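Summary of the model geometry
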Amino acid sequence: METKAKQNGTVKRQTATVKKEVQDKLTNEAIGKAVAPEKKVTVEKPIINLDDRIQKFEKLRGLATQRERLTETLNELTKFNYNQDGSSSFHIRDSGHLEFKTTNSNLIKLVTTHLQSTLEQRKAEIEQEIVQFEL
């Protein structure tokens with residue numbers, strides 16, 4: 001019996017303490033004492049300058065244009081037919097009008113395969129930039 005009485009007494013004391021704290025808080029609010037108000041967190045949208053937004057839009061348009069050109073180049077390269085019969089040739093000319101020319105189909109295939117993989121990789125990079133782009 002003594003054990004139950006102690007447990008009941010302890011519970012009553014805890015409840016009484018909580019009630020006393022609530023009463024004190026309500027009393028302080030009623031008489032106008034400063035009660036620390038709960039802080040509300042407000043998220044403000046940053047004000048974006050119109051010129052900055054237009055510049056970002058132009059950058060996005062530039063990325064889209066680059067992607068279109070890469071797609072066109074890849075399509076043309078895919079259509080390119082390098083036959084074994086020597087009917088295809090590969091030309092490179094520099095600004096000094098020096099020229100490299102070959103009809104070796106193995107070399108042409110090697111160059112076009114490497115060029116195609118490089119263009120596809122660059123296209124994937126640009127598409128990733130477009131997806132992650134924020135205005």
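Just so it is clear, the model here is predicted, and its values are computed rather than measured.

Thresholds applied
- Residues numbered from 1 in each chain as written.
- Predicted model: local features only at pLDDT ≥ 70, side-chain atom pairs only at ≥ 80, totals over all residues.
- Heavy atoms only, no water.
- Helix = DSSP H or I, 4+ residues; strand = E, 2+ residues; numbered from the N terminus.
- Buried < 20%, exposed > 50% of the residue type's maximum accessible area, 1.4 Å probe, protein only.
- Contact = heavy atoms within 4.5 Å.
- Areas by Shrake-Rupley, 256 points an atom, 1.4 Å probe, with all protein chains shown as cover.
- Pairing = 2+ DSSP bridges.
- Expected span 1.5 Å × (residues − 1).
- Polar contact = N/O pair within 3.5 Å; in protein donor to acceptor, adjacent residues only side chain to side chain.
- Salt bridge = Lys/Arg side-chain N within 4 Å of Asp/Glu carboxyl O.
- Core = buried A, V, L, I, M, F, W, Y, C linked by side-chain atoms within 4.5 Å.

1. Some remarks on the overall build of the protein
Across its full length, the protein holds three helices and two strands. Taken from the N to the C terminus, the helices and strands of the protein come in the order α-α-β-β-α. Sorting the 135 residues of the protein into buried and exposed places 9% on the buried side. Taking contacts inside the protein between residues at least 6 apart in sequence as the whole, the part at least 24 apart equals 59%. Carbon and sulfur atoms form 53% of the exposed surface of the protein, whose accessible area is close to 12,200 Å².

2. Considering the pairing of strand 2 (residues 99-102)
Bridging between strand 1 (residues 90-93) and strand 2 involves four bridges; their strand directions are antiparallel. Across the sheet, residue isoleucine 92 finds its bridge partner in strand 2, namely phenylalanine 100. Hairpin connection, strand 1 to strand 2: the antiparallel pair is bridged by five residues, and histidine 97 has positive phi, about 65 degrees.

3. Here we look at helix 3 (residues 105-132)
Spacing of three or four residues puts side chains on the same side of an α-helix, whose turn is 3.6 residues. If you check helix 3, its first and last C-alpha atoms are 40 Å apart, about what 28 residues at 1.5 Å a residue would give, namely 40 Å. Among all positions in helix 3, only Ser105, Ile108, Thr112, Leu119, Lys123 and Ile126 are buried. On its buried face, helix 3 sits against helix 2 (50-79), strand 1 and strand 2. For helix 3, the side-chain oxygen to backbone nitrogen distance between the N-cap and asparagine 106 is 3.0 Å, and the N-cap itself is asparagine 104.

4. What to know about the pattern of salt bridges
With the rule as written, the count across this model stands at four salt bridges. With its nearest N and O atoms 2.7 Å apart, the salt bridge here joins glutamate 58 to arginine 61. Separated by three residues within a single helix, glutamate 58 and arginine 61 lie in helix 2, roughly one turn from each other. Accessibility expressed as a relative area gives 41% for glutamate 58, which makes it partly exposed. Between glutamate 125 and arginine 122 there is a salt bridge, and its shortest N-O distance comes to 3.3 Å. Remark: arginine 122 and glutamate 125 occur in helix 3; sequence separation between them is three residues, near one turn of the helix.

5. Points about the nonpolar core
Judged by nonpolar contacts, Leu63, Leu70, Leu74, Leu77, Leu119 and Ile126 together constitute the single largest core of six residues. Listed by contribution, the elements that provide at least two residues to this core are helix 2 and helix 3. With four residues, helix 2 is the single largest residue contributor to this core. Residues contacting isoleucine 126, with those up to four places away along its chain left out, are Leu63, Gln66, Arg67 and Leu70.

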